[in-house]
Each structure stands twice: as structure tokens, then as C-alpha cells.
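# An overview of the molecular structure
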Amino acid sequence: MQGAQSSSLDLPKQCLCLAFLLLHLLGQVAAAERCPSSCPATCPPKPPTCAPGVRAVLDDCSCCLVCARQRGESCSVLLPCEESRGLFCDRRADPSAQTGICMAVEGDNCVFDGVIYQSGETFQPSCKYQCACQDGQVGCVPRCEEDLLLPQPDCPAPRKVKVPGECCEKWICDSKETGTLGGLQTLPAYRTEATLGVAVSDSSINCIEQTTEWSACSKSCGMGFSTRVTNRNPHCEMVKQTRLCMVRPCDQEHRPPTDKKGKKCLRSIKSIKAIHLQFENCTSLNTYKPRFCGICSDGRCCTPHNTKTIQVEFQCSPGQILKKPVMVIGTCTCHNNCPHSNSSFL
């Protein structure tokens, strides 16, 4: 009995698929009759740039890549409708005509923000998003670029601003550092964006991964910490991460730079012997030969340029072992953009 009910419920879907298949076959036959004897010689060498959410498809004559026509737009064999959205070129008003109107095989309508949209219809709930209704389901893609400008020595505090007369925000470089995170709160990865009311069961599927660079170490010598924000997790939630860092030992800070062939900066120094890392009252179980940033005699400062993060086990008290992320310096760079609040980099 249950099997019979299931078959009866699936019958409308089966009919819908058969109807679309029949229209597709009829369209192929009609296309074969209307196609030119030879393809036009004006096909662009590169695929066309289509509107957000619109695919580039091969025309029905297999000649050129074109932007698929959407519901309500004119269509022909050289300008086909987007079949993946259940659209077909309707020429029922004049079967002998070369053009028609893109129509949708009947499907479930969508209700979005109180407005009813038909299956196959595209719409813009705001200037920032392009959405489409497909058999009762709404999908949206951003129209604005989801790029991320990370802090750099020449742009320590990038932020997005609104441009009069334009929809999408643009990046600018702000020379002022705000807060202990060095302006990270101005980055889009730290801000919550509107979800447009579309429920998503698994947020990681549609998650645009955004991770800022690590901030400068909180101390110019000895063990400090740096932070970053990221949504690299199963829930796509913005979280702040912290790691231990040491730019240089404090006993190296007041050492004059080695004068090598007239150079005024010692970019980096590698520890000669293996040492235990110290963190508050904790000591690393293993020994390491870390690389440190050097110092300059001409007013410039040397800071880490390429780094990576490793997990280090620390012995804090008998029987208590903690695992902490620690910065490992690959290369350092010497520059004039020194932290204003920390003259000890000089």
C-alpha cells in the first residue's frame, strides 16, 4: 500500500520530466531544421562574460559559446534557453518563426521575501545578489566581488567603504591602525553578511573561506602572541585564533648589527644551538633551532615576512602537558613601516 502511495506521489514529477524531455527532443529536431549550413565565422575566441548566475552554453547548432537566455527573453537556435533551469524556446505562437520566448516547464513556484516567483525566473532582491527560482528552490550568487585584501607593510589597515552612486563597496588603505588587532575588525571576514533568508542545511557547502594574515607579534623580544580571524571550520563561523611568537630573544635586541660589507641591517639570525622554548611557567618538551629577525642601525626595523605555525608541547607542571600553536619564522624583511607603539623594533 505504501509503495502504491509513493508511486502515485511521484507521478507528477515523472510527467514533468517526460514533458521536458519531449520538448527538448522537439527543440533538437527544430534546431536541425533552422541551423545554417555553415557556422558563422564571428565566434569570439574567448567564452563570453555572462551575468552572475548565467552559464555560457553551446548554441543548438554547436557553433559558438553564448550566454544562455533566461525566462521571458527572446531565443533562437543560436541563442538557446538555459535548459538546466527547465527552460525551453516556445514558438507555439508561430511555429514557422525563427525566434521564440524562453518559457519554463511548469514547476513549483518560489516565495522569497513575500514575493512569488515562477520556476525558471531570475530576480535581484538587491543590487548585491542575483537569484533564480528552480522548481520551488531559490539559489543566489553575489554580484559584488568577494575578494579579501589582507594587511601588508604598505597597507596595514585595509577597509571597505561605500562609493556614492555604486552598489558594491571598494577597498581603501587606511594608514591608521585601530585596536589591538591592527584593523582586522574592518575586514569583511570579520563582519556578518546578510543571508537573504535562504536556509542552508550545511553552511560549509556555500561557505566562502576567509582568513586574515597573522597580526604582528605583541612583543618585539621574548615570547609574545599574534592573532588572526578565520571561518575555516565546519560551521563557517568567524573565530579568533592565537599563536605564540618570538621575533628575537631580548638579549639580542640591544646587540649592534654585524657590519657585513657595509650593510646596516642583519635581516635574520638562526639559533646556533637547540633551545627549549619558554612560555610563562612552561617549557617545551623538545628543543628547537628557531630563526629570529635581526636589527638595523639606520632606523629601519626587521619583522617576520614568511612564517608558518607548528604545534609545540609544553610541560607546565608535573603531569600537565599543554599543546600550543607557535610561529616559526622562515624569512624576515627590513623596512621603514615600523610599529608606532613599539620603538624597540628600531
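These numbers were taken from a predicted model, which means no experiment stands behind them.

### Digging into the overall build of the protein chain
The secondary structure content of the protein chain amounts to two helices and 20 strands. Looking at the protein chain residue by residue over its 346 residues, the buried ones come to 31%. For the protein chain, contacts bridging at least 24 residues in sequence account for 46% of all contacts bridging at least 6. Put simply, the protein chain shows about 21,600 Å² of open surface, and 54% of that area lies on carbon and sulfur atoms.

### Digging into the sheet that holds strand β3 (residues 74-75)
Read across the sheet, three strands follow the order β3-β5-β4 without closing on themselves; strand pairing throughout is antiparallel. Strand pairing shows two members of the sheet lacking a second neighbour, β3 and β4 (87-90), which therefore form its edges. With four bridges connecting them, β4 and strand β5 (residues 100-104) associate as antiparallel partners. Within β5, the position partnered with leucine 87 by the bridge is alanine 104.

### Examining the sheet that holds strand β10 (residues 137-142)
Taken in spatial order, the three strands line up as β8-β9-β10 in an open sheet, and their pairing is antiparallel. What marks the edges here is a single partner per strand, and that holds for β8 (122-126) and β10. Adjacent strand axes in the sheet meet at a mean angle of 30° when their direction is disregarded. Judged from the six bridges that link them, strand β9 (residues 129-134) and β10 form a sheet pairing that is antiparallel. Within the sheet, the bridge partner assigned to tyrosine 129 lies in β10 and is proline 142.

### Re the state of the cysteines
Considering all chains together, one arrives at 13 disulfides under this definition. One disulfide in the model links cysteine 282 with cysteine 316; its S-S distance is 2.0 Å. With the S-S dihedral at roughly 105°, the linkage between cysteine 282 and cysteine 316 falls on the right-handed side. Taken together, the residues span a long stretch of sequence, with cysteine 282 in strand β17 (residues 282-288) and cysteine 316 in strand β19 (residues 301-317) at a distance of 34 residues. The partner cysteine of cysteine 293 in its disulfide is cysteine 332, sulfur to sulfur 2.0 Å. Sign of the S-S torsion, about -85° for the bond between cysteine 293 and cysteine 332, identifies this disulfide as left-handed. Here cysteine 332 lies in strand β20 (residues 320-335) and cysteine 293 lies in strand β18 (residues 291-293), a separation of 39 residues in the sequence. Side by side, cysteine 293 and cysteine 332 carry an identical accessibility label, which is buried.

### So, the pattern of salt bridges
A full pass over the atoms with the stated rule returns four salt bridges. Across the salt bridge formed by arginine 69 and glutamate 73, the nearest N and O atoms sit 3.9 Å from each other. For arginine 69, a relative accessible area of 22% corresponds to the partly exposed category. Notably, a salt bridge pairs glutamate 166 with lysine 170, separated by 3.5 Å at the nearest N-O pair. The exposure class of glutamate 166 is partly exposed, given its relative accessible area of 42%. In this structure lysine 170 comes out as partly exposed when scored by relative accessible area, which is 44%.

### What to know about the packing of aromatic side chains
The relation between two aromatic rings is expressed through the spacing of the ring centres and the mutual angle of the planes. Counted according to the given criterion, the structure contains three aromatic pairs. A ring pair is formed by tyrosine 117 and phenylalanine 123, whose centres lie 3.7 Å apart and whose planes are at 10°; its orientation type is stacked. Of the two residues, tyrosine 117 and phenylalanine 123, neither departs from the other in class, the shared state being buried.

### Topic: unusual backbone geometry
In this structure, serine 62 takes a positive phi of about 60° despite not being glycine. Note that serine 62 resides in the loop between β1 (56-58) and β2 (65-67). Phi angles above zero are rare outside glycine, and glutamate 280 is one such case at about 55°. Among the structural elements, glutamate 280 can be located in the loop between β16 (275-279) and β17.

### Description of the pairing of strand β13 (residues 224-230)
A large share of β13 lies buried, amounting to six of its seven residues. Sheet analysis places β13 next to strand β14 (residues 239-245), joined by seven bridges and oriented antiparallel. By the bridge assignment for β14, valine 229 is matched with lysine 240.

### Structural notes on the environment of leucine 244
Within the secondary structure layout, leucine 244 lies in strand β14. Classification of leucine 244 by relative accessible area gives buried; the value is 8%. Remark: the alpha-carbon pair of leucine 244 and glycine 224, spanning 20 residues in sequence, is separated by 5.8 Å.

### Here's the deal with the confidence of the model for the protein chain
When pLDDT is averaged along the protein chain, the result is 75; 72% of the residues meet or exceed 70. Every residue in residues 1-13 scores below 50 in pLDDT, and together they form two contacts with partners more than four places removed in sequence or on other chains. Low confidence marks residues 340-346, where pLDDT is under 50. Its contacts with residues over four positions away, or in another chain, come to 17 contacts.

The rules we used
Residues numbered from 1 in each chain as written. Predicted model: local features only at pLDDT ≥ 70, side-chain atom pairs only at ≥ 80, totals over all residues. Heavy atoms only, no water. Helix = DSSP H or I, 4+ residues; strand = E, 2+ residues; numbered from the N terminus. Buried < 20%, exposed > 50% of the residue type's maximum accessible area, 1.4 Å probe, protein only. Contact = heavy atoms within 4.5 Å. Areas by Shrake-Rupley, 256 points an atom, 1.4 Å probe, with all protein chains shown as cover. Pairing = 2+ DSSP bridges. Axes fitted to C-alpha atoms, helices over the stretch in contact; angles between N-to-C directions. Disulfide = S-S within 2.5 Å. Salt bridge = Lys/Arg side-chain N within 4 Å of Asp/Glu carboxyl O. Phe/Tyr/Trp six-rings, centres within 6.5 Å; stacked < 30°, edge-to-face > 60°. pLDDT = per-residue confidence, 0-100.

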